[in-house]
Amino acid sequence: MDDVDTERGGPVDDAAAAARALEHVVDPVVAVTEGTITYANEAARDAFELGDADREAATALGTRWTHLATAIDETTVGTARHVDLADHRESVRIHRGTSGATLTFEREGTGADATAESTADSRSGASDRLVKDRALEEAPVGITISDPDREDNPLVYVNEAYEEMTGYEFDEVVGRNCRFLQGEDSDEAAIAEMAAAIDEDRPVTVELKNYRKDGTEFWNEVTIAPVRDEDGRVTNYVGFQNDITARKEAELALERQTEELQYILDRVQGLIQDVTAVVAGSTDRSELEREVCARIAAEDAYDGVWIGERNPATGTVEVRSSVGDGPDGGTVATDTGHPAAEALATTEPAVDTVDGLTRAAFPLSYNGIEYGVVTIRTERAIDDRETVILSALARAVASGVNARETSRVLATDAVVAVELEVTDRALAPVALSAAADCRLEYSRSVHRTDDETASLFTVTGASADEITAAADDLADADCRIVVERDEECLVEVTGGEDLVGWLSERGVRTKAIEAEAGRARVTLEIPRSANVRSVVEAVEDRYDGTDVRSFQQREPDGETRQEFAARLEEALTDRQFGALQRAYLGGYFEWPRPTTGEELAQSMGVSRPTFHEHLRTAEAKLCRAFFGDA
């Protein structure tokens, strides 16, 4: 009889007296708990013909109960509402308690002071409340209402969204303080902030971890606001709950990723700086590889590192330098699934984890030339971000190796001479020899200040006009007549498939190019320490129809002609070397001269006095080199 005996703020001490008082009420009054009529006054017993055994609300109230059951669920605990039953020409006042509801049935037009106007107003107010109640019930966010006038400020209403979000049903939460959703990992600071806001009668919004009925966690964005009456007194607190688990987890994941990235950047910043210094300061390839391995292995995160190079003869990757344990036997078979073999085969980083040990391999490749592979071992995972950083580090190491190999080809005669035959007409000399039916013989190349390589060729068997006409059909290359003689021409080829410059960047010297009838015989000099096979494969990939004609190894023997030329060339500036080369190849030192200083100056894009100044300086350096005054 709680719902009958007690009005909010005014308890009735004598329940029996209250029941006797209801017996004199002319309107039918019933108390319903969980679909069963637990009390009915005399008017109700007469109106609904209730007996002692006939107390099921659905049976006793008939079609009324369908509407009333829904209305009771939608009514907030501790509040009242009116429901019109148009089919029965009556309205019902529902008072919702914690364990049931009291229903008072009023016939239309009854009541001592009832008037048509007051009835209309009453129904209008009831309808308005019904719309508001339904809005609360169908809202897409969890909504709760608590009653601070009751002990521990218990919940008196929750909507369906709240039930779905928490897994608790209406009857399981009404009458309890909302803190039951809190758990072990709920933020104490957020909880204290909510408590302080309630004590100060002010709104508050917090985010904290809550727990559903089944124990699963979810992030809850909770907004609590006081509800005041006409006098400004707080009568209730309304709460809005929004499940923000997806957003919060995304935010936390981003924070973790940011922290991890910052950790990686802090850790590898010094590594990158030190490896870059090693690359710049090492004097030869072996020293560079030793120092790189030592610096990488010095990182606490890494347990060991080794650098290996493919040996085509044995089908293995052989260790050149290592710190820590290298592969068993010092080699890795290229036909296995080892990351080092995979990285060389795919030219991409390869990572695997076996028995908790991660192996990450990064190819050492520069401008398409393979210089080996660096493999790192660690007991921790290597993610995509760290892979990107270590890949950049490997490219820097490969660049350093390339620089050392390029300097070796200029300073030593310990080379492998490789002779190739190329028929791909993407190569300018091949195309020109076929189109003009002539022979082109490579003389030298000059690197211009704009990083473009100009290659000089002596052409026989075709006139200048025929060469110019053939050059018009070249796709990207530019061919210009430098000197024209009776039986030959000196031409300058720039742009297009610049074989000489491309090979030079890879530490390879172009010794000779002889093109005739659409076929070019190319002689290359590659340092013996370089990966000759990788260089040849790169040329074959670049030019279709490339065949290898011969290999020949040469040993150094004192200062060779090549070394003397390299030393002299190093003493000349680009302009001085260009002036001397053009003068010699253009026949300027012959008599009668087939070309003039003015023409040679124009071919270099300088004035005639400037050309002669460069030429005289170059001649002086040449004489000093020969006569011992260098």
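All residue numbers here refer to positions counted from 1 along the written sequence of the relevant chain. Where local features are concerned, this predicted model is filtered to residues with pLDDT of at least 70; where side-chain atom pairs are given and counted, the filter is 80 or more; whole-chain, interface and lining totals use all residues. Just so you know, side-chain values use all the structure's heavy atoms and leave hydrogens and water out.

Quick word on the overall build of the protein
The line we're drawing: Helix and strand assignments follow DSSP, with helices taken as H or I runs no shorter than four residues and strands as E runs no shorter than two, numbered in order from the N terminus. Relative accessibility decides the category of a residue: with a 1.4 Å probe and only protein chains considered, values under 20% of the type maximum give buried, values over 50% give exposed, and everything between is partly exposed. Note on areas: these come from Shrake-Rupley sampling with a 1.4 Å probe, and a residue is covered only by the protein chains present in the view.
Check the secondary structure of the protein and you find 21 helices and 26 strands. Within the span of the protein, comprising 630 residues, buried residues form 46% of the whole. Roughly 32,100 Å² of accessible area belongs to the protein as shown, and the carbon and sulfur atoms make up 47% of that amount.

A word on the side chain of Thr245
Going by this rule: Pairs of residues are marked as contacts when any of their non-hydrogen atoms sit within 4.5 Å.
The residue Thr245 is located in helix α10 (residues 245-281) in this model. Using a relative accessible area of 15% as the deciding quantity, one classes Thr245 as buried. Non-local contacts of Thr245, meaning those with residues more than four positions away in its chain, are made with Phe218 and Trp219.

Concerning the packing of aromatic side chains
In plain terms, the rule: Ring pairs shown here join Phe, Tyr and Trp side chains whose ring centres sit within 6.5 Å, with only the six-membered ring taken for Trp; geometry is labelled stacked below 30 degrees between planes, edge-to-face above 60, and tilted in between. A ring is considered to have a charge above it if a Lys NZ or an Arg CZ atom is located within 6 Å of its centre and within 35 degrees of its normal.
Going through the model one piece at a time under the given rule, you end up with 5 aromatic pairs. Centre to centre, the rings of Tyr168 and Phe180 are 5.0 Å apart; their planes meet at 80°, and the pair counts as edge-to-face. On the criterion of sequence distance, the pair formed by Tyr168 in the loop between α7 (160-166) and α8 (170-173) and Phe180 in the loop between α8 and α9 (188-199) is long-range, its members being 12 residues apart. Ring pairing ties together the aromatic residues Tyr588, Phe589 and Phe611, which thus form one cluster. Positioned above the aromatic ring of Phe180, the side-chain terminus of Arg176 is 4.4 Å from the ring centre. Residue placement shows Arg593 over the ring face of Tyr588; its charged tip is 3.9 Å from the ring centre.

Overview of the sheet that holds strand β12 (residues 234-243)
To keep it simple, the criterion reads: Following DSSP output, two strands are said to pair if at least two bridges run between them. Interaxial angles span 0 to 180 degrees and are taken between N-to-C directions of axes, which are lines fitted to C-alpha atoms, for helices over the stretch in contact.
Strand order across the open sheet formed by 5 strands is β9-β8-β12-β11-β10, with antiparallel pairing between neighbours. On the outer flanks of this sheet lie β9 (155-158) and β10 (204-211), each paired with one strand and no other. With strand direction ignored, the average angle separating the axes of adjacent strands in the sheet is 25°. Where β10 and strand β11 (residues 217-228) come together, 8 bridges link them in antiparallel fashion. Across the sheet, Val206 pairs through a bridge with Val222, a residue of β11. Here α9 sits on the sheet in contact with β10, β11 and β12, set at roughly 135° to β10.

Things to note about the pairing of strand β3 (residues 29-33)
A large share of β3 lies buried, amounting to 4 of its 5 residues. Pairing of β3 with strand β4 (residues 36-40), which is carried by 4 bridges, proceeds in the antiparallel orientation. Considered in β4, the bridge of Val30 is made with Ala40.

Considering the sheet that holds strand β16 (residues 350-354)
In spatial order, the strands read β15-β14-β13-β18-β17-β16; together these 6 strands make up an open sheet with antiparallel pairing. Edge positions in the open sheet fall to β15 (331-333) and β16, since each of these has one partner strand only. Adjacent strand axes in the sheet meet at a mean angle of 25°, parallel and antiparallel pairs treated alike. Here strand β13 (residues 304-311) pairs with strand β18 (residues 369-378) via 5 bridges, running antiparallel. Among the inter-strand pairings, Gly304 is bridged to a residue of β18, identified as Arg377.

Structural notes on the nonpolar core
Where we set the bar: By nonpolar core we mean a set of buried residues, namely Ala, Val, Leu, Ile, Met, Phe, Trp, Tyr and Cys, connected to one another through side-chain atoms within 4.5 Å.
Among the nonpolar cores identified, the biggest contains 70 residues, and Val292, Ile296, Leu364, Leu474, Cys479, Val491 and Leu499 are the most heavily contacted of them. Looking at this core, the element that brings in the most residues is helix α13 (residues 384-411), giving 6 residues. Filtering out sequence-adjacent residues up to four positions away, Cys479 remains in contact with Leu432, Ile467, Ala471, Leu474, Val491, Glu492 and Val493. Residues Ala40, Phe48, Ala71 and Ala101 belong to the second largest nonpolar core, which totals 21 residues.

A look at the pattern of salt bridges
This is how it is decided: Salt-bridge detection follows one rule: a side-chain nitrogen of Lys or Arg within 4 Å of a carboxyl oxygen of Asp or Glu.
Taken as a whole and assessed by the stated rule, the structure comprises 34 salt bridges. Across the pair Glu172 and Lys213 runs a salt bridge, and its minimum N-O distance is 2.6 Å. Pair noted here: Glu172 is in helix α8 and Lys213 is in the loop between β10 and β11, with a separation of 41 residues, a long-range link. With its nearest N and O atoms 3.4 Å apart, the salt bridge here joins Arg320 to Glu309. Residue Arg320 is found in strand β14 (residues 316-323), and its partner Glu309 is found in strand β13; the two are separated by 11 residues along the sequence.

What about the packing of helix α19 (residues 574-585) against helix α20 (residues 597-604)?
Put simply, the rule reads: Convention used here: angles under 35 degrees read as roughly parallel, angles over 145 as roughly antiparallel, angles from 65 to 115 as roughly perpendicular, and any remaining angle as oblique. By convention, the crossing between two helices is left-handed when the near helix turns anticlockwise from the far helix through less than a right angle, and right-handed when the turn is clockwise.
Contact pair α19 / α20: the axes reach a minimum separation of 10 Å and the direction vectors enclose 135°. Taken together, α19 and α20 sit at an angle that is classed as oblique. Remark: the crossing between α19 and α20 carries right-handed chirality. On α20, the residues that touch Arg575, Gly578, Ala579, Arg582 and Ala583 of α19 are Leu600, Ser603 and Met604.

Considerations on a negative patch on the surface
Rule in force here: Surface patches are drawn from residues lacking salt bridges whose relative accessible area is over 30%; two like charges belong together within 9 Å, two nonpolar side chains (Val, Leu, Ile, Met, Phe, Trp, Tyr) within 5 Å. Residues scored as positive are Lys and Arg, those scored as negative are Asp and Glu, and His as well as the terminal groups of each chain are ignored. Working definition for charges: the position is that of NZ of Lys, CZ of Arg, CG of Asp or CD of Glu.
A cluster of acidic residues, Glu34, Asp73, Glu138, Glu160, Glu164, Glu169 and Asp171, forms a negative patch at the surface. As for its position among the elements, Glu138 is in helix α6 (residues 116-138).

A closer look at the environment of Glu42
Relative to the helices and strands, Glu42 resides in helix α3 (residues 42-48). Judged by its relative accessible area of 40%, Glu42 falls in the partly exposed class. Sequence separation of Glu42 and Glu23 is 19 residues, and the distance between their C-alpha atoms is 5.5 Å.

As for the side chain of Asn220
For clarity, the threshold we go by: Two N or O atoms form a polar contact when they lie within 3.5 Å of each other; inside protein one atom must be a possible hydrogen donor and the other a possible acceptor, and for residues adjacent in sequence the pair counts only when both atoms belong to side chains.
As for its placement among the helices and strands, Asn220 is situated in strand β11. Within the structure, the side chain of Asn220 is placed 3.0 Å from the side chain of Asn210, a separation counted as a polar contact. Among the polar contacts made by the side chain of Asn220, one reaches the main-chain amide nitrogen of Asn242 at a distance of 3.3 Å. When sequence neighbours within four positions are dropped, the list of residues in contact with Asn220 reads Met165, Val206, Glu207, Leu208, Asn210, Gln241, Asn242 and Ile244.

Describing the confidence of the model for the protein
Which entries qualify depends on this criterion: Values of pLDDT, which run from 0 to 100, indicate the predictor's confidence residue by residue.
Residues at a pLDDT of 70 or more form 85% of the protein, whose mean pLDDT is 82. The low-confidence segment residues 1-13, where pLDDT is below 50, has 27 contacts with residues more than four positions distant or belonging to other chains. Segment residues 110-123: pLDDT under 50, and 6 contacts once partners within four positions in sequence are set aside and those in other chains are kept.

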